[in-house]
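Okay, here's what each chain looks like letter by letter:
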Amino acid sequence: ERKLRAGLLIFQEQGLKAEAWIAPSHSFDQTTVEILDILGIRVISDGFAFRHFIDHRGMTWVPCQLWDRFRPKSFGVWTVCMHCNGWDAQRLELFRRDVGQYHHQIVSLSQLLASEPAKPLGLVGRIETWGNTLWRARIRRMVKYYLRR
């Protein structure tokens, strides 16, 4: 709780208000979610669902399925996590081109939530999310196995 409060204070001192939380390295637990709720942060960007949803606490979850590059997707809500701290001019140019190519599909968090309010996941959504998570875990295990050879 102390670290989350300290982080929010830094944002506040800079005139910013956190509207969502993104877990560092997708690493958090239920206690973190409870504390975020207490602190008034009701949106978490994490998970592998095909659309944003509301959990049993009323927290909104926005999936975070892609890293470092935009890719064409035919349905669902897709977010791209950009790790831009180490970008050079060439990588920045690639990002600029990607934004130009996909600009008609990019919306802000507030636009997404206003245009399409989150709903609880039904049975099919839960199965899809569970299957997607298991599939990604299997791929990670396979990659680690082949990298060790």
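Here's a quick rundown of the structure. Just so you know, these numbers come straight off a predicted model, no measurement behind them. (Residues numbered from 1 in each chain as written. Predicted model: local features only at pLDDT ≥ 70, side-chain atom pairs only at ≥ 80, totals over all residues. Heavy atoms only, no water.)

Let us look at the overall build of the protein chain. Along its length, the protein chain carries five helices and seven strands. Secondary structure elements of the protein chain, listed N to C terminal, follow the sequence α-β-α-β-β-β-β-β-α-α-β-α. Within the protein chain, buried positions represent 29% of all 149 residues. Across the protein chain, every contact between residues at least 6 apart in sequence was considered, and the portion connecting residues at least 24 apart equals 43%. On the protein chain, roughly 10,800 Å² of surface is accessible, and the fraction owed to carbon and sulfur atoms is 59%. (Helix = DSSP H or I, 4+ residues; strand = E, 2+ residues; numbered from the N terminus. Buried < 20%, exposed > 50% of the residue type's maximum accessible area, 1.4 Å probe, protein only. Contact = heavy atoms within 4.5 Å. Areas by Shrake-Rupley, 256 points an atom, 1.4 Å probe, with all protein chains shown as cover.)

Another aspect to go through is the nonpolar core. Counting residues in hydrophobic clusters, the biggest one holds 15 residues, and the most contacted among them are Leu 4, Trp 21, Leu 36, Ile 44, Met 59 and Trp 61. The biggest single contributor to this core is helix 2 (residues 30–38), with three residues. Not counting the four nearest positions on each side in its chain, Leu 36 is found in contact with Leu 4, Trp 21, Ile 41, Ile 44 and Met 59. (Core = buried A, V, L, I, M, F, W, Y, C linked by side-chain atoms within 4.5 Å.)

To continue, consider the sheet that holds strand 1 (residues 21–22). Pairing is mixed in the open sheet, where five strands are placed in the order 1-2-4-3-7. Strands at the two margins of the open sheet, each flanked by one partner only, are strand 1 and strand 7 (119–120). In the sheet, strand 2 (residues 43–45) pairs with strand 4 (residues 60–62) via three bridges, with the strands oriented parallel. Residue Ser 45 lies in a different strand from strand 4, and its bridge partner there is Val 62. (Pairing = 2+ DSSP bridges.)

A separate point is the environment of Lys 17. If you trace the backbone, Lys 17 turns up in the loop between helix 1 (2–13) and strand 1. Residue classification places Lys 17 among the exposed positions, given a relative accessible area of 67%. Separated by 24 residues in the primary sequence, Lys 17 and Ile 41 have C-alpha atoms spaced 9.7 Å apart.

This part takes up the pattern of salt bridges. Counted according to the given criterion, the structure contains five salt bridges. A salt bridge links Asp 37 to Arg 42; its shortest N-O distance comes to 2.1 Å. For Asp 37, a relative accessible area of 25% corresponds to the partly exposed category. Of the charged contacts, one joins Arg 96 and Glu 93 as a salt bridge, the two residues approaching to 2.5 Å between their closest N and O atoms. One end of the pair, Arg 96, and the other, Glu 93, are both in helix 3 (residues 89–102), three residues apart, so they sit about a helical turn from each other. (Salt bridge = Lys/Arg side-chain N within 4 Å of Asp/Glu carboxyl O.)

This part covers the packing of aromatic side chains. Enumeration according to the criterion identifies six aromatic pairs in this entry. Seen from their ring centres, Phe 53 and Trp 61 are 6.4 Å apart, and the 5° between their planes marks the pair as stacked. Taken together, a centroid distance of 5.7 Å and an interplanar angle of 15° make the contact between Phe 70 and Tyr 102 stacked. Here Phe 70, found in the loop between strand 5 (66–67) and strand 6 (80–81), pairs with Tyr 102, found in helix 3; they are 32 residues apart in sequence, far enough to count as distant. The buried category is assigned to Phe 70, whose relative accessible area is 16%. Aromatic ring contacts, followed pair by pair, group Trp 21, Phe 28, Phe 53 and Trp 61 into a single cluster. (Phe/Tyr/Trp six-rings, centres within 6.5 Å; stacked < 30°, edge-to-face > 60°.)

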